[in-house]
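Chain by chain, the residues:
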Amino acid sequence: MCLHVFCGFLSLYVGCVFIGIFGIILSIVVFSMALFELISGNPHTFFAILAMAFALFHAISMALLLLSTMMDICWALLLSFCLGVISTVIFFGCAVMFYVMTKEELHFAIGLILGIIQMYFLWIILSTWWCCRSTRDNC
């Protein structure tokens, strides 16, 4: 179950740091865009609030991921994975809801691709947790 990320070029810990930094940046961008849409008077208020909830859960998950990777805290890795699953479900909900409202196939396809990438990132986080809690030094 212990893997190396990006076709074996990086270790799991370096991959988790990359995922954490990228995830924090993504959360800030999504939250600020949703806040802008909410302030500008977008008629889809629920969609903007759902995007803000995704950004909040995702940011907390990525902050826990960075903390647990730096401090080698296994329970925080597992908590980061659980919050990541919640944020991924919210993300898929946003993608489907956006497709239902706008009927834009391209945006839906991009949302699905980003969701699949997010699921790969969650697999890396789960593999890192497995290696962290493992007593063997095979990771």
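Residues numbered from 1 in each chain as written. Predicted model: local features only at pLDDT ≥ 70, side-chain atom pairs only at ≥ 80, totals over all residues. Heavy atoms only, no water.

A. Molecular detail of the state of the cysteines. Taken as a whole and judged by the stated rule, the model has one disulfide. The side chain of cysteine 74 participates in a disulfide bridge whose partner is cysteine 132; the two sulfur atoms lie 1.9 Å from each other. The sign of the S-S torsion, about -90 degrees, decides the handedness of the disulfide formed by cysteine 74 and cysteine 132: left-handed. Within this pair, whereas cysteine 74 is found in helix H3 (residues 74-102), its partner cysteine 132 is found in helix H4 (residues 105-133), the two being separated by 58 residues in sequence. Among the residues examined, cysteine 132 registers a relative accessible area of 14% and is labelled buried. (Disulfide = S-S within 2.5 Å. Helix = DSSP H or I, 4+ residues; strand = E, 2+ residues; numbered from the N terminus. Buried < 20%, exposed > 50% of the residue type's maximum accessible area, 1.4 Å probe, protein only.)

B. Inspection of the confidence of the model for the protein at higher detail. Averaged over all residues, the pLDDT of the protein equals 86, while 89% of them reach at least 70. Per-element confidence in the protein ranges from a low mean pLDDT of 89 for H4 to a high of 91 for helix H2 (residues 45-71). (pLDDT = per-residue confidence, 0-100.)

C. Seen up close, the nonpolar core. Membership of the largest hydrophobic core comes to 14 residues, with the highest contact counts inside it found for Ile19, Met62, Leu65, Leu77, Ile124 and Ile125. Secondary structure elements with two or more residues in this core: helix H1 (12-39), H2, H3 and H4. Here the element with the most residues in this core is H4; it accounts for seven residues. Apart from residues no more than four positions distant in its own chain, isoleucine 125 is found in contact with Cys16, Met62, Leu65, Leu77, Ser80 and Phe81. In this structure, Val30, Ala34, Met52 and Phe91 belong to the second largest nonpolar core, which totals 11 residues. (Core = buried A, V, L, I, M, F, W, Y, C linked by side-chain atoms within 4.5 Å. Contact = heavy atoms within 4.5 Å.)

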